[in-house]
Amino acid sequence: ADFRDKLRKRKKNKIEQSLNEKFRILMGSNERIKNIQVDDSFTLEYFDENGDRVGRASISAGTKQLVATSLLWALNAASDKSIPVVIDTPLARIDKNHQDSLLLNYYPNVAGQIIILPTDSEIDKAKLKLIRPYIYRQYLLDNPDGKSTTIQLNK
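Nothing here was measured: the structure is a model prediction, and the numbers come from that model.

Colleague: Which residues make up the pattern of salt bridges, and what values go with them?
Modeller: Tallied over the full model, the rule gives 4 salt bridges. Note that Glu45 is salt-bridged to Arg56, the shortest N-O span being 3.2 Å. Highlighted residues: Glu45 in strand E2 (residues 44-47) and Arg56 in the loop between strand E3 (53-54) and helix H2 (61-78), separated in sequence by 11 residues. A relative accessible area of 40% means that Arg56 is categorised as partly exposed. Where Lys127 meets Asp124, a salt bridge forms, and the shortest distance between an N and an O atom there is 3.8 Å. Here the salt bridges share partners, and the residues they tie into one network are Glu45, Arg53 and Arg56.

If you want it as structure tokens, here you go:
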């Protein structure tokens, strides 16, 4: 039990450190959240530059999504296994600058294989150009009636 607790604490500290690094990469300069702490039950707590707690209810949906993305990145980095990452509607609720940060920093680095399932409004020509060097295959999924999907390889 002691060994398990020490291992869990070491992993938790590694994940917390990685989470903060990844969040700073994705968020850029953030005036609100300067540090994210992971408690023993892996609950996230947010702190400002003065060390004061930032309430979860006061954090925007976009920032929460960037924290969740940073946590997934940190967990994948802490894993001893290479696992693919699948993300549905990857840019929802995120402003343009942070979308570009995700496309340039997160997707090319999070895993050896990543599958993103964007809506037709999420990835425009400019965003596609940012990630084009990292795309192995691109498919168009069409589901006009909500009942059946056709899949077409885009070239």
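Colleague: Tell me about helix H1 (residues 2-27), and name the residues and values.
Modeller: Helix length check: H1, at 26 residues, gives a terminal C-alpha distance of 37 Å against a target of 38 Å (1.5 Å per residue), a fit within 8%. Buried within H1 we find Lys12, Ile15, Glu16, Ser18, Leu19, Asn20, Lys22, Phe23, Leu26 and Met27. Buried positions along H1 lie against strand E1 (35-38), E2, H2 and helix H3 (96-106).

Colleague: A description of the confidence of the model for the protein should follow, citing residues and the corresponding values.
Modeller: Chain-level statistics for the protein give a pLDDT mean of 90 and a share of 99% at 70 or above. Of all secondary-structure elements in the protein, the lowest mean pLDDT belongs to H1, at 89, while E2 reaches the highest, 96.

Colleague: Residues and numbers for the packing of aromatic side chains, please.
Modeller: Throughout the structure, instances matching the rule amount to 2 aromatic pairs. Residues Trp73 and Tyr106 carry aromatic rings whose centres are separated by 5.3 Å and whose planes lie at 75° to one another, so their mutual orientation is edge-to-face. Here the residue Trp73 occupies a position in helix H2, and Tyr106 occupies one in helix H3, the gap between them amounting to 33 residues. What makes Trp73 buried here is its relative accessible area of 5%. Look at Tyr106 and Tyr107: their rings are 5.0 Å apart centre to centre, the planes differ by 70°, and that puts the pair in the edge-to-face class. A relative accessible area of 0% means that Tyr106 is categorised as buried. Lys22 extends its terminal NZ or CZ atom over the ring of Trp73, reaching a point 4.7 Å from the ring centre.

Colleague: Please give an account of a nonpolar patch on the surface that cites residues and values.
Modeller: Residues Val86, Ile115, Leu117, Tyr139, Leu141, Ile151 and Leu153 make up a contiguous nonpolar surface patch of about 660 Å² in total accessible area. Elements with a contribution of two residues or more to the nonpolar patch: strand E5 (114-117), strand E6 (138-142) and strand E7 (150-154). In this structure, Leu117 sits in strand E5.

Colleague: Describe in detail the environment of Lys22, supporting the description with residues and values.
Modeller: Checked against the element boundaries, Lys22 lands in helix H1. A C-alpha to C-alpha distance of 10.0 Å links Lys22 and Val110, two positions 88 residues apart in sequence. Residues contacting Lys22, with those up to four places away along its chain left out, are Ser70, Trp73 and Ala74.

The rules behind the values
- Residues numbered from 1 in each chain as written.
- Predicted model: local features only at pLDDT ≥ 70, side-chain atom pairs only at ≥ 80, totals over all residues.
- Heavy atoms only, no water.
- Salt bridge = Lys/Arg side-chain N within 4 Å of Asp/Glu carboxyl O.
- Helix = DSSP H or I, 4+ residues; strand = E, 2+ residues; numbered from the N terminus.
- Buried < 20%, exposed > 50% of the residue type's maximum accessible area, 1.4 Å probe, protein only.
- Expected span 1.5 Å × (residues − 1).
- Contact = heavy atoms within 4.5 Å.
- pLDDT = per-residue confidence, 0-100.
- Phe/Tyr/Trp six-rings, centres within 6.5 Å; stacked < 30°, edge-to-face > 60°.
- Lys NZ or Arg CZ within 6 Å of the ring centre and 35° of its normal.
- Patch = residues over 30% accessible without salt bridge, like charges linked within 9 Å, V, L, I, M, F, W, Y side chains within 5 Å.
- Areas by Shrake-Rupley, 256 points an atom, 1.4 Å probe, with all protein chains shown as cover.

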